[in-house]
Amino acid sequence: MFHSCGSAAAKNAFSVACLLGLLAVSAHAVPQSVTGSDPVQEPVQAAPGDVQLEANGKPSHPSAAVTPFTNKALGDPFGARSWLFDHGIDLTLTYLTETLANVAGGRRSGIAYDHQITMGVDVNLQKLIGAKGLSFRMLGVQRAGRDVAKNYVGNLTLLEPQQSFGVGGNVLYHLVQLYLQQKLAHDRLTITAGFYPPNMSFGSFPLGCYALDNVTCSHPTAVSVSSHWRSWPYAELGAQVEYDPVKSVYTRVGLFQDTKKDGGIAGFTITTASLGIMIPMEIGWEPNWGKNKLPGHYKIGGYIDTSDNKDLFTSVTGAPIVTSHASARIERQRGAAYIGGDQMLFRFGPGPRDGLIIMGIATDATGSSVPFRHQYTAGLIAQHFVPNRPADYMSVFFSNLQVNPNLTRTQELQQSLGLALSNGVHAVETNIQVLEINYSAKLYSGVSIVPDCQIIFRPDAGDYYNTALVTGFRILADL
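What counts, and at which threshold
Residues numbered from 1 in each chain as written. Predicted model: local features only at pLDDT ≥ 70, side-chain atom pairs only at ≥ 80, totals over all residues. Heavy atoms only, no water. Helix = DSSP H or I, 4+ residues; strand = E, 2+ residues; numbered from the N terminus. Buried < 20%, exposed > 50% of the residue type's maximum accessible area, 1.4 Å probe, protein only. Contact = heavy atoms within 4.5 Å. Areas by Shrake-Rupley, 256 points an atom, 1.4 Å probe, with all protein chains shown as cover. Phe/Tyr/Trp six-rings, centres within 6.5 Å; stacked < 30°, edge-to-face > 60°. Lys NZ or Arg CZ within 6 Å of the ring centre and 35° of its normal. Disulfide = S-S within 2.5 Å. Polar contact = N/O pair within 3.5 Å; in protein donor to acceptor, adjacent residues only side chain to side chain. Salt bridge = Lys/Arg side-chain N within 4 Å of Asp/Glu carboxyl O. pLDDT = per-residue confidence, 0-100. Core = buried A, V, L, I, M, F, W, Y, C linked by side-chain atoms within 4.5 Å. Pairing = 2+ DSSP bridges.

Broken down by element type, the protein chain carries 6 helices and 19 strands. Looking at the 479 residues of the protein chain, the share that counts as buried comes to 57%. The long-range fraction of contacts in the protein chain, counting pairs at least 24 apart against all pairs at least 6 apart in sequence, stands at 66%. Carbon and sulfur atoms provide 64% of the accessible area of the protein chain, an area that totals close to 19,200 Å².

This is the structure:
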């Protein structure tokens, strides 16, 4: 066990350090839309609404034939984007909408729409002012819509079929990323600090965002729900260091502030009222196999959270909360671990994702206060399998989530006593499974549509509602 380091002095020192140390997020700090050394012919849906990066996160130089904006819906009007890019400024504007309907099972039939508009700017300060290896990013989102889960499927506290609705709900403008980035030692060392979601750097599996549901995209839900491992669009003050000892291996460790407000519902609120610290760690290996250079991405990691949280079953007396009528026991720290990766099995084209790719994730949460104990996710993605359509893909994912036994025991006790169940559900929560299948088709340069089908087994992680069938589509426009 790790000893708590959440003293008031440590919390205050951390807050000051975060404010004074505003230096850098690594290129790995954002889920990459492409990886590997080969150029991608078409934009790929990775993290919805997030910035699209070129291979290895390295910007290509504009030319008369191909620019970084060739695959943008608005192109490069009057060469303005290329001029800004040459001077170190790259603007981001994307529109994403998901319209999903519950057509069978669950609570009742119905349809819901949501959208997310992402606005951001990346500044290469080396180009702009000659600061070698230094860059800056600011990015935020506007979200609106209705939640198909709570309106039609059930009181899904553990699952969200609409990834772009998900955590955060309706927000006028929510600041997601505000950081500087400094690369040193021939780009082998990256120092990071600022305001951003930890899951952008740690535990992120970008291929999972080929799915719409937030269990699969883009990190294991079991290690983030009801924890301080914040997920897009929530953010917190933090810092990280990445060191790449060899080209195909990276190591990362971070330090983030635990807070209540998550940056606020709208605007630019950044709180320094710390509840503790969250320390994530990750090691990754990114090999290329054989003469066809089949890319793989493997990682193992986890986090320690020093904040105080309420036990889901045991009271301060040692007896169950339900029968003792006493306050919940306080868990002084908690954590989680994960292992997973993806591997291309064979190629359909030259791009880093042009092939048949298999993906898998396994997690374990050790805390008595988090709602999940385990998550297992498996996926299969086929991209560029249709000739002359390199942006098109088909994917299938299956996730199984096991509820924390502490929560299950509490609900079983509540049920036996005729009391309302925790989380507002109608049946004891034990596990939930999601099977999702979709196909993405390019409609126009920078614009794609993704028809989607999700089968949700055991909505509410219990047996109150029948298996739900949710179907609809996503439209993504990279403007």
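Alright, that's what it looks like, and here's the rest.
Take the packing of aromatic side chains next. Under the counting rule described, the total for this entry stands at 12 aromatic pairs. Here phenylalanine 346 and phenylalanine 348 contribute two aromatic rings whose centre-to-centre distance is 5.3 Å and whose plane-to-plane angle is 90°, an arrangement assigned as edge-to-face. Looking at phenylalanine 348, the relative accessible area reads 33%, which means it is partly exposed. Joined through ring pairs, the aromatic side chains of Tyr179, Tyr196, Phe202 and Phe256 make up one cluster. One Lys or Arg, lysine 299, reaches over the ring of phenylalanine 205 and ends 5.1 Å from the middle of that ring. The ring of phenylalanine 313 carries the charged tip of arginine 409 above its face, separated from the ring centre by 3.7 Å.

Our focus in this paragraph is the state of the cysteines. Across all of its chains, the model carries 1 disulfide by this definition. With its sulfur 1.8 Å from that of its partner, cysteine 209 forms a disulfide with cysteine 217. For the disulfide bridge between cysteine 209 and cysteine 217, the dihedral angle about the S-S bond is near 75°, and by the sign convention the bridge is right-handed. The two residues cysteine 209 and cysteine 217 agree in class, both being buried.

So, on to the environment of tyrosine 250. Of note, tyrosine 250 is situated in strand β7 (residues 249-258). Taking C-alpha positions, tyrosine 250 is 8.8 Å from arginine 188, a pair spaced 62 residues apart along the chain. Excluding its chain neighbours within four sequence positions, the residues that come into contact with tyrosine 250 are Glu242, Tyr243, Asp244, Pro245, Glu282, Ile283, Gly284, Trp285, Glu286 and Lys299. Polar side-chain contacts of tyrosine 250 include one of 2.7 Å to the side chain of glutamate 282.

Let us look at the pattern of salt bridges. Scanning the model with the defined rule gives 10 salt bridges in all. Here aspartate 308 makes a salt bridge to arginine 332, at a shortest N to O gap of 2.9 Å. Within this pair, whereas aspartate 308 is found in the loop between β10 (294-305) and β11 (309-315), its partner arginine 332 is found in the loop between β12 (328-331) and β13 (334-347), the two being separated by 24 residues in sequence. A relative accessible area of 42% places aspartate 308 in the partly exposed class.

Moving on, we come to the environment of methionine 344. Among the secondary structure elements, methionine 344 is positioned in strand β13. Under the relative-accessibility criterion, methionine 344 is labelled buried at 2%. A sequence separation of 37 residues divides methionine 344 from isoleucine 381, and the C-alpha atoms of the two residues are 9.0 Å apart. In contact with methionine 344, not counting residues within four places along its chain, are Leu294, Pro295, Gly351, Pro352, Arg353, Asp354, Gly355, Leu356 and Ile357.

Here we take up the environment of leucine 312. Position of leucine 312 among the secondary structure elements: in strand β11. Note on leucine 312: relative accessible area 22%, which makes it partly exposed. In this structure the C-alpha to C-alpha distance between leucine 312 and arginine 409, which are 97 residues apart in sequence, comes to 8.8 Å. Each residue touching leucine 312, except ones within four places of it in the same chain, is listed here: Ile321, Ser368, Ser369, Val370, Pro371, Asn404, Asn406, Leu407 and Thr410.

On average, the protein chain scores 82 in pLDDT, and the residues at 70 or more come to 82%. When pLDDT is averaged over each element of the protein chain, strand β18 (residues 447-457) comes out on top at 96 and helix α1 (residues 8-20) at the bottom at 39. Under a pLDDT of 50 for its full length, residues 1-65 has, in the predicted model, 176 contacts with residues more than four places off or in other chains.

Here the focus is the side chain of threonine 259. As for its position among the elements, threonine 259 is in the loop between β7 and β8 (276-285). On the basis of relative accessibility, which here comes to 2%, the residue threonine 259 falls in the buried class. Leave out the neighbours within four places in its chain, and threonine 259 touches His228, Arg230, Glu236, Thr271, Ala273 and Leu275.

Right, let's get into the nonpolar core. Counting 45 residues, the largest nonpolar core has Trp229 and Ile456 as the members making the most contacts within it. The residues touching tryptophan 229, leaving out its near neighbours within four places in the chain, are Asn199, Phe202, Gly203, His219, Val223, Ser224, Met278, Pro280, Gly302, Tyr303 and Tyr338. Counting residues in each nonpolar core, the second largest holds 5 residues, with Val141, Val176, Met200 and Trp232 among its members.

Before going further, it helps to examine the pairing of strand β5 (residues 189-196). A large share of β5 lies buried, amounting to 6 of its 8 residues. Between strand β4 (residues 171-184) and the antiparallel strand that follows it, β5, lie 4 residues; alanine 185 among them carries a positive phi value of about 50°. Looking at chain direction, β5 and strand β6 (residues 236-246) are connected through 8 bridges and run antiparallel. Considered in β6, the bridge of tyrosine 196 is made with glutamate 236.

What follows covers the pairing of β7. Pairing between β6 and β7: 7 bridges, direction antiparallel. Along β7, the bridge assignment pairs glutamine 240 with glycine 254. Sheet topology places β7 next to β8; 8 bridges connect them, and they run antiparallel. The residue of β8 that forms the bridge with aspartate 258 is glycine 276.

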